[in-house]
Amino acid sequence: MNTSVFFLALRRMRAPLIVLVVIYAVSTCGLTLIPGVDAQGKPAPPMSFFHAFYFVSYTASTIGFGELPNAFSEAQRMWVTVCIFLSVIGWSYSIISLLALVQDKGFQQVLLNGRFARRVRQLGEPFYIICGCGETGLLIARALDRDGVRVVAIEQNEMRIQELELEEFAADLLVLCADAAQPQQLLLAGLQHRSCRGVLAVTDDDSANLAVAIASRLINPRLTIIARVASPTVEANMMSFGTHYVVNHFEKFADYLAQAIHSPNWYRLVDLLTGLPGQEIPERHDPPVGEWVICGYGRFGQAVVRNLVRQGVSLTVIDPEPEVLAGVRHVVGHGTEAEPLRRAGIDKAVGIVAGSNNDTKNLSIAMTAKEINRDLFVVLRQNRVANQVLFDAYNADFTMVPSRIIARECLALIVSPLLPRFLRLIRAWPEGRAEALGREMEALCGNRMPLVWSIRLNAADSPAVHRFLMIEQGEMQLDLLCRDPAKRDDPLPLLPLLLLREGADHELPGRECMLQPGDQLLFAGTREARTAQNLTLDNRNVLDYVLTGKDAEGWVWRWLCRAAAS
């Protein structure tokens, strides 16, 4: 990259440099041909080439030491006058060309790319590449930064990059202004770097996300690839060549809505497990069972209808196009007027989904429907982040915000890879069991969303525990990983959710469960609990205290443990 910058500068400065070289050469040659005078004023031979070049060098640069080695003749002074004006013209042309080069957008981008590439090469800790830093990418970057994970971002919009520079991150966010769909930009961002752990394609363009997924899969197959998609066709394409996780926010929200109607306690538990850690727990709104009205039959509306029909929900679709899923009642219209809403049975319905691709229309649909039926459960689709103020003012029962859905899913896959497995298992739970676990998690973390994380008992992730289990053949209960390393009699505010051992799932493992090397565990709790647990996993002195209760390090070590956990 440095070589390319150097040769690019030489190529752009070629004409000014040639002009300077010619001026210096002509000036030097003229002085070597014009006769001079000696100290007594008698004719003398012309200047040597060395003295001529030396004189032209300091004269052209305006230093001006004087006439050397002797005073000049009239002819020499006339020639030097010409040389001075030529050198002024040459240097002026060169300086203007250099200023134009420095201000050139293309050259500035090359310099920025070179600096960016050097900083990426110097990264020694694990990092993820985020392609697209709109609201979704920003939410993911913030959450990963809080967890101590470095982020390298590719964003095409310069305004968004300027906004990112104003954000406060614990570690510098490396951002490249480029099109992520181009493979060379991914390579520049560290796609083949030894510390790169995965690629997140979360732009709002399905074709760009598809290009990122294909390039990442071909260039570095070992990486975890997570892609955002809205089109079912593109989703099927991504899955066909081995993209690890494809997040379709339309399908995901529609599935959650259908499950919330059918199993509200299950959805409440999923909402707690997949929420953004540290945020306030949202108020619970259980979608009612009964007749529903769906306004808009685009990709989002189709996903909602498919999932609600699968759960046996009775519904009516309002859409200007006559083609709707067979067997579904259909009313032609937009839903922004009272007449099509009444024909769809809004006065007897329990809920409405305003799912068009226009925010103003969705708000109009919701307000008109509420005028007819005050008891409606309103589900709104929000398309643009700029309209957040309007949606906050309306305060719908359920709002589909794509950026938040995608961010939650991506973070769950990165921070806690066992979570998707656990979510599949709890689909079969009875409502009572899901409700009990949800209440326990709410009480555990107060009014904040819990942090969900995964650990593996191996030498890389849990060196102290792994050595104790593997080399020393020790026995250890799961309960010891749930104890405060500063005061072992106090439990940490966390819950073990899943134990994965040799491919077998053990849901909600008891704290008396004996651990084995290679076990994978899923926990939910506070961020402080995770930090404290990491001390037990990594430090042998802390582990010995938790195991035996003997504090070999004394009160100083306990104070350090408490300080690290706070």
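Provided above is the structure to which this section pertains.
It should be emphasised that the depicted structure is a prediction, and the values quoted were computed from it without experimental measurement.

(A) How the structure looks around the sheet that holds strand β11 (residues 329–332). Reading across from one edge, β11-β10-β9-β12-β13-β14 is the order of the 6 strands in this open sheet, with parallel pairing throughout. Strands at the two margins of the open sheet, each flanked by one partner only, are β11 and β14 (398–400). Averaged over all pairs of adjacent strands, the angle between strand axes in this sheet comes to 15°, irrespective of strand direction. Direction of pairing for strand β9 (residues 292–295) relative to strand β10 (residues 315–319): parallel, over a ladder of 4 bridges.

(B) Fine view of the side chain of serine 87. Along the polypeptide, serine 87 turns up in helix α4 (residues 74–103). Residues contacting serine 87, with those up to four places away along its chain left out, are Ile23 and Ala60.

(C) Up close: a nonpolar patch on the surface. Nonpolar side chains collect at one region of the surface, where Phe50, Tyr54, Ile63, Phe65 and Leu68 lie side by side and expose about 540 Å² of accessible area between them. You can see phenylalanine 65 is positioned in the loop between α3 (49–60) and α4. Phenylalanine 65 sits in the exposed class, given a relative accessible area of 56%.

(D) Seen up close, the packing of helix α6 (residues 135–146) against helix α17 (residues 402–415). Look at α6 against α17: their axes get within 8 Å of each other, and the N-to-C directions meet at 35°. As for how α6 packs across α17, the hand of that crossing is right-handed. The segment α6 lies against α17, with Glu135, Thr136, Leu139, Ile140, Ala143 and Leu144 engaging Ser403, Arg404, Ile406, Ala407, Cys410, Leu411 and Ile414. Tallied by class, the residues present in the contact of α6 with α17 amount to 9 nonpolar, 2 polar and 2 charged.

The rules behind these values
- Residues numbered from 1 in each chain as written.
- Predicted model: local features only at pLDDT ≥ 70, side-chain atom pairs only at ≥ 80, totals over all residues.
- Heavy atoms only, no water.
- Pairing = 2+ DSSP bridges.
- Helix = DSSP H or I, 4+ residues; strand = E, 2+ residues; numbered from the N terminus.
- Axes fitted to C-alpha atoms, helices over the stretch in contact; angles between N-to-C directions.
- Contact = heavy atoms within 4.5 Å.
- Patch = residues over 30% accessible without salt bridge, like charges linked within 9 Å, V, L, I, M, F, W, Y side chains within 5 Å.
- Areas by Shrake-Rupley, 256 points an atom, 1.4 Å probe, with all protein chains shown as cover.
- Salt bridge = Lys/Arg side-chain N within 4 Å of Asp/Glu carboxyl O.
- Buried < 20%, exposed > 50% of the residue type's maximum accessible area, 1.4 Å probe, protein only.
- Left-handed = near helix turned anticlockwise from the far one by under 90°.
- Nonpolar A, V, L, I, M, F, W, Y, C, P; charged D, E, K, R; others polar.

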